[in-house]
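# Residue-level structure breakdown
One-letter residues, chain by chain:
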Amino acid sequence: MSLILAIDQGTTSTRAIAFEVRNGDLQPVAVSQIELTQHFPRSGWVEHDAGEIWRATLQTCREAATKAGGAARFSSIGITNQRETAVIWDAATGEPLHRAIVWQDRRTADVTARLTAEGHEPGVQAATGLILDPYFSAAKFAWLLDAIPDGRARARQGEIRLGTIDSWLIWKLTGGRVHATDASNAARTSLMDLETLQWRPDLCALFDVPIEALPDIHACAGLIGETEPSLFGRALPICGSAGDQQAALVGHGALKAGDAKITYGTGAFLVANVGQTPVASTRRLLGTLGYQANGVTAYALEGSIFSAGSAIQWLRDGVGLLGESRQSEAMAQSLPDNGGVYLVPGFTGLGAPWWRPDARGTIVGLTRDAGPAHFVRAALEALAYQTRDLLDALSADGAPPLTTLKVDGGVTANSFAMQFIADICEVEVVRPAFQEMTALGAARLAALGCGLIDDLEARPSEAPAVWRTRMGHEDRQRLLQGWRRAVRAAMVAAGDDGESAR
Ligand code: ADP
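The numbering scheme is per chain: residues are counted from 1 as the chain's sequence reads. Reporting of local features is limited, given that this is a predicted model, to residues whose pLDDT is at least 70; pairs of side-chain atoms are given and counted only at 80 or more, and all residues count toward the totals for whole chains, interfaces and linings. Only heavy atoms go into the side-chain values, all of them from the structure, while hydrogens and water stay out.

### Some points on the overall build of the chain
A tally of regular secondary structure across the chain gives 16 helices and 21 strands. Note that the radius of gyration is over C-alpha atoms, with the globule rule given as 2.2 Å times the number of residues to the power 0.38. Against the compact-globule benchmark of 23 Å for 502 residues, the chain has a radius of gyration of 22 Å, which places it among compact chains. Referenced to the eigenvectors of the C-alpha coordinate spread, the extents of the chain come out at roughly 70 × 55 × 40 Å. Split into buried and exposed, the 502 residues of the chain put 60% on the buried side. A contact between two residues is defined here by any heavy atoms of the two lying within 4.5 Å. The long-range fraction of contacts in the chain, counting pairs at least 24 apart against all pairs at least 6 apart in sequence, stands at 70%. Areas reported here follow the Shrake-Rupley algorithm with a probe of radius 1.4 Å; residue values treat only the protein chains shown as occluding. Counting every atom, the chain has about 18,900 Å² of accessible surface; 49% of that belongs to carbon and sulfur. Separation of charge centres in the chain, based on 45 positive and 56 negative side chains, amounts to 3 Å. Strands here are runs of E lasting at least two residues and helices are runs of H or I lasting at least four, both read from the DSSP assignment and numbered beginning at the N terminus. Buried means the residue's accessible area, taken with a 1.4 Å probe over protein chains only, is under 20% of the maximum for its type, while exposed means over 50%, and partly exposed covers the values in between. Positive: Lys, Arg. Negative: Asp, Glu. His and the chain ends are not part of the count. Lysine's charge is taken at NZ, arginine's at CZ, aspartate's at CG and glutamate's at CD.

Have a look at this one:
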């Protein structure tokens with residue numbers, strides 16, 4: 001009875017990982033994974049089949065449980081999920097009424113643009129910590145209700161349920177008995193008050209989403225519901241839930257103000273713990289919940305880099321400079337320095353703190369000496385400069401000073417990039433030996449919620465890899481100046497006078 005089943009429902013796959021609690025820490029013992037079909041019905045639209053997500057969840061849970069010795073050995077379930085994705089289903093049949101609208105989907109851009117033009121952004125940001133953007137769930141929920149005949153009336157009468165992926169899975173796992181979410185997922189809808197952690201009737205009215213159709217908001221650790229006994233041969237309590245980036249914060253043990261984690265995958269996601277009071281960002285970082293557990297409500301600021309590993313992917317698959325991503329390390333190290341070449345990877349615009357969807361990728365500083373290694377080095381260096389921009393925005397927002405940056409994701413295999421981040425950002429970069437921080441966070445929340453552990457502290461059995469700052473002040477300033485000139489050039493290329501990057 002010392003096992004926890006973590007469900008990690010991501011954008012591209014659904015996984016279940018069984019963890020065993022040993023000496024207060026959690027060790028993975030079994031895993032099962034199924035890829036998820038992506039639907040692109042129109043340009044800018046991205047959908048998932050919620051029924052497929054549920055079937056994959058059940059199958060991976062059963063497989064992981066069987067590999068780990070059977071469901072009888074499990075104490076509880078923890079859930080972590082792709083955030084913001086909106087699901088609509090019929091309360092009576094438990095069947096989805098439409099495909100889920102995925103977080104990347106831009107179909108509601110006109111709604112959030114109209115609300116912004118009407119002057120609603122400051123009020124929404126003050127209440128929820130979020131800017132107005134189609135990324136968040138509220139406008140997606142409204143779109144789904146519009147797509148169903150009598151959608152709003154039926155939602156008000158309790159016939160239709162709305163929720164993010166965590167709510168959908170909790171509903172299905174409990175056989176339709178529990179409609180719940182946790183505060184970290186609710187914080188991504190634009191409908192929850194970040195201080196009271198309750199739905200705001202005024203925001204529900206603003207987005208035209210009936211509050212009756214929304215789930216109850218729970219803490220991230222504690223009993224949320226019990227699974228339908230027939231699913232796993234016995235009822236299992238669901239005792240943990242958190243959105244993927246917040247679960248990773250917990251997985252890293254970034255529990256104190258000033259602790260931060262950044263996941264370097266295709267894009268990069270920074271979440272910085274700012275302590276027990278929300279911090280309002282003036283630099284267009286997102287205010288959000290870190291976690292709510294054990295009587296502690298930890299707040300966070302969040303910033304995203306749209307292109308991180310994808311710049312390396314582009315050099316590999318689009319330009320053909322690399323056979324494999326990992327060759328980028330030796331190529332970058334073959335040069336003594338960047339030779340004045342900078343790459344701003346604005347392939348899909350620039351995220352925080354610039355928020356320029358119209359910016360485009362730009363390379364500056366080319367001379368006749370520049371070769372393939374310069375492009376590769378510039379792409380890796382850009383990870384560090386973009387991280388530095390986020391950390392500067394954090395400190396301008398008055399966030400507690402950050403000393404350690406906890407990292408995970410595919411790019412962290414690259415030691416050159418990790419050292420360069422430590423040098424440019426003037427922080428210690430720490431990479432844990434076990435990398436599945438998202439699933440680990442969900443498992444740890446569930447273990448706390450069912451009483452198998454007493455706190456969320458990380459107690460890894462293997463030592464992490466650590467990179468410390470070695471670069472001198474002058475070199476760093478020179479490189480940062482070069483980067484800022486390059487960002488200005490990217491904005492000029494997008495038709496701007498470059499002033500906004502000053
Ligand atoms: P995601 O979860 O977003 O799919 P991953 O965490 O699996 O991403 O990381 C994959 C990304 O990491 C890819 O963009 C790949 O190019 C990049 N990557 C993998 N290994 C390296 C490496 N050694 N150096 C630089 N980038 C790498």
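### Examining the nonpolar core
Looking at soluble globular proteins, one finds that nonpolar side chains tend to be buried together. Residues enter a nonpolar core if they are buried and are Ala, Val, Leu, Ile, Met, Phe, Trp, Tyr or Cys, with the set joined through side-chain atoms within 4.5 Å. Among the nonpolar cores identified, the biggest contains 96 residues, and Leu191, Tyr264, Leu394 and Leu405 are the most heavily contacted of them. In terms of residue count, the dominant contributor to this core is helix 13 (residues 372-396) (11 residues). Those residues in contact with Leu191 that sit more than four places away from it in its chain are Thr128, Ala138, Phe141, Gln198, Trp199, Arg200, Leu203, Cys204, Phe207, Val209 and Leu214.

### Focus on helix 3 (residues 121-128)
Burial in helix 3 covers these residues: Glu121, Val124, Ala127 and Thr128. Taken end-on, helix 3 shows its buried residues confined to a sector of 135°, consistent with a single buried face. Among the exposed residues of helix 3, those pointing more than 90 degrees away from its buried face are Pro122 and Ala126. One or two steps after helix 3, the chain reaches Gly129, where phi turns positive at roughly 85°. For this quantity, the arc is that covered by the directions from the helix axis to the C-beta atoms.

### Side note on empty space enclosed by the protein
Grid points spaced at 1 Å over the protein atoms alone were grouped into cavities, where a 1.4 Å probe fits but cannot get out, and pockets, open sets with protein on both sides within 12 Å along at least five of seven lines, with lining residues defined by an atom within 4 Å of a point. Grid points are joined across faces, edges and corners, and a volume is the space filled by probe spheres set on the points. Counted according to the given criterion, the structure contains 2 cavities of 30 Å³ or more. Roughly 70 Å³ of volume is contained in the largest cavity. Around the largest cavity sit Ser304, Ile305, Phe306, Leu350, Gly351, Ala352, Pro353, Trp354, Gln386, Asp389, Leu390 and Trp483, which together line it. A total of 3 residues in the lining of the largest cavity trace back to one element, the largest contributor, which is helix 13. For the lining of the largest cavity, the per-class residue count stands at 8 nonpolar, 3 polar and 1 charged. Taken as a whole, the second largest cavity encloses approximately 40 Å³ of empty space. In terms of lining, the second largest cavity is formed by Phe141, Gly163, Thr164, Ser167, Thr181, Ala186, Thr189, Trp199, Leu214 and Pro215. Among the residues making up the lining of the second largest cavity, the classes are represented as 5 nonpolar, 5 polar and no charged. Here the nonpolar group is Ala, Val, Leu, Ile, Met, Phe, Trp, Tyr, Cys and Pro; Asp, Glu, Lys and Arg are the charged ones; every other residue, Gly included, is treated as polar.

### So, the packing of aromatic side chains
The geometry of an aromatic ring pair is captured by two quantities: the separation of the ring centres and the angle between the planes. Only the six-membered ring of Trp is used, alongside the rings of Phe and Tyr, when aromatic pairs are assigned; centres must lie within 6.5 Å, and planes under 30 degrees apart are stacked while those over 60 apart are edge-to-face, with the rest tilted. Considering all chains together, one arrives at 11 aromatic pairs under this definition. With 6.1 Å between their ring centres and 90° between their planes, Phe19 and Phe434 make a pair best called edge-to-face. A residue pair is termed long-range when its members are at least 10 positions apart, and Phe19 in strand 2 (residues 13-22) and Phe434 in the loop between strand 20 (428-431) and helix 15 (437-449) qualify at 415 residues. Through a chain of ring-to-ring contacts, three or more aromatic side chains come together here, namely Tyr342, Tyr385, Phe416, Phe420 and Trp483. For a Lys NZ or an Arg CZ to count as sitting over a ring, it must be within 6 Å of the ring centre and within 35 degrees of the ring normal. Here Arg107 stacks its cationic end above the ring of Trp45, 3.7 Å away from the centre of that ring. For the cation-ring pair, Arg107 lies above Trp143, with the distance from its terminal atom to the ring centre recorded as 4.5 Å.

### A short note on the packing of helix 11 (residues 309-318) against helix 13
All axes are obtained by fitting lines to C-alpha atoms, using only the stretch in contact for helices, and the reported angles, taken between N-to-C directions, cover 0 to 180 degrees. In contact at an axis separation of 9 Å, helix 11 and helix 13 are set at 165° when each is read in the N-to-C sense. Judged by the inter-axis angle, helix 11 sits roughly antiparallel to helix 13. Crossing angle aside, the handedness with which helix 11 passes helix 13 is right-handed. From helix 11, Gly309, Ala311, Ile312 and Leu315 reach across to helix 13, where they touch Phe375, Val376, Ala379, Leu380 and Leu383. Of the residues belonging to the contact of helix 11 with helix 13, the class tally is 8 nonpolar, 1 polar and no charged. Each angle gets one of four labels, with under 35 degrees taken as roughly parallel, over 145 as roughly antiparallel, 65 to 115 as roughly perpendicular, and the rest as oblique. If you view the pair so one helix is near and one far, a crossing is left-handed when the near helix is turned anticlockwise from the far one by less than a right angle, and right-handed when it is turned clockwise.

### Let's talk about the site of the ligand
Neighbouring residues are identified by heavy atoms, a residue being near a molecule or strand if any of them is within 4 Å of it. Every one of the 13 residues lining the ligand counts as a neighbour, but Thr266, Gly309, Ser325, Gly410 and Asn414 are closest to it. With respect to the ligand, the backbone of Gly309 contributes an N or O atom lying 3.0 Å from an oxygen atom. As used in this structure description, the phrase polar contact means that two N or O atoms lie within 3.5 Å; if the pair is within protein, one of them must be able to donate a hydrogen and the other to accept it, and residues adjacent in sequence are counted only when both atoms belong to side chains. In the model, an oxygen atom of the ligand is placed 3.0 Å from a nitrogen or oxygen of the Ser325 side chain. Counting residues per element, the shell around the ligand draws most heavily on helix 11, at 4 residues. Taken together, the residues of the shell around the ligand sort by class into 2 nonpolar, 10 polar and 1 charged.

### What about the environment of Asp49?
Position of Asp49 among the secondary structure elements: in the loop between strand 4 (47-48) and helix 1 (50-67). Expressed as a C-alpha distance, the spacing of Asp49 and Ala260, which sit 211 residues apart in the sequence, is 33 Å. If we ignore the near neighbours within four places in the chain, the residues touching Asp49 are His39, Arg55 and Arg99. A polar contact is formed between the side chain of Asp49 and the backbone nitrogen of Gly51, at a distance of 2.8 Å.

### Focus: unusual backbone geometry
With phi around 60°, Asp208 is a residue other than glycine that occupies positive phi space. Structurally, Asp208 is set in the loop between helix 8 (201-207) and strand 10 (216-218). Residue class for Asp208 comes out partly exposed when judged on its relative accessible area of 37%. With phi around 60°, Arg284 is a residue other than glycine that occupies positive phi space. Within the element layout of this structure, Arg284 appears in the loop between strand 14 (268-275) and strand 15 (286-293).

### A look at the pattern of salt bridges
Any carboxyl oxygen of Asp or Glu that lies within 4 Å of a side-chain nitrogen of Lys or Arg is treated as forming a salt bridge with it. Inspection of the entire model under this criterion finds 32 salt bridges. We note a salt bridge from Glu84 to Arg83, for which the minimum N-O separation is 3.9 Å. Across the pair, Arg83 and Glu84 agree in class, each one buried. Note that Arg326 is salt-bridged to Glu324, the shortest N-O span being 3.2 Å. Taking relative accessible area as the criterion, Arg326 reaches 61% and is therefore assigned exposed. Classification of Glu324 by relative accessible area gives partly exposed; the value is 37%.

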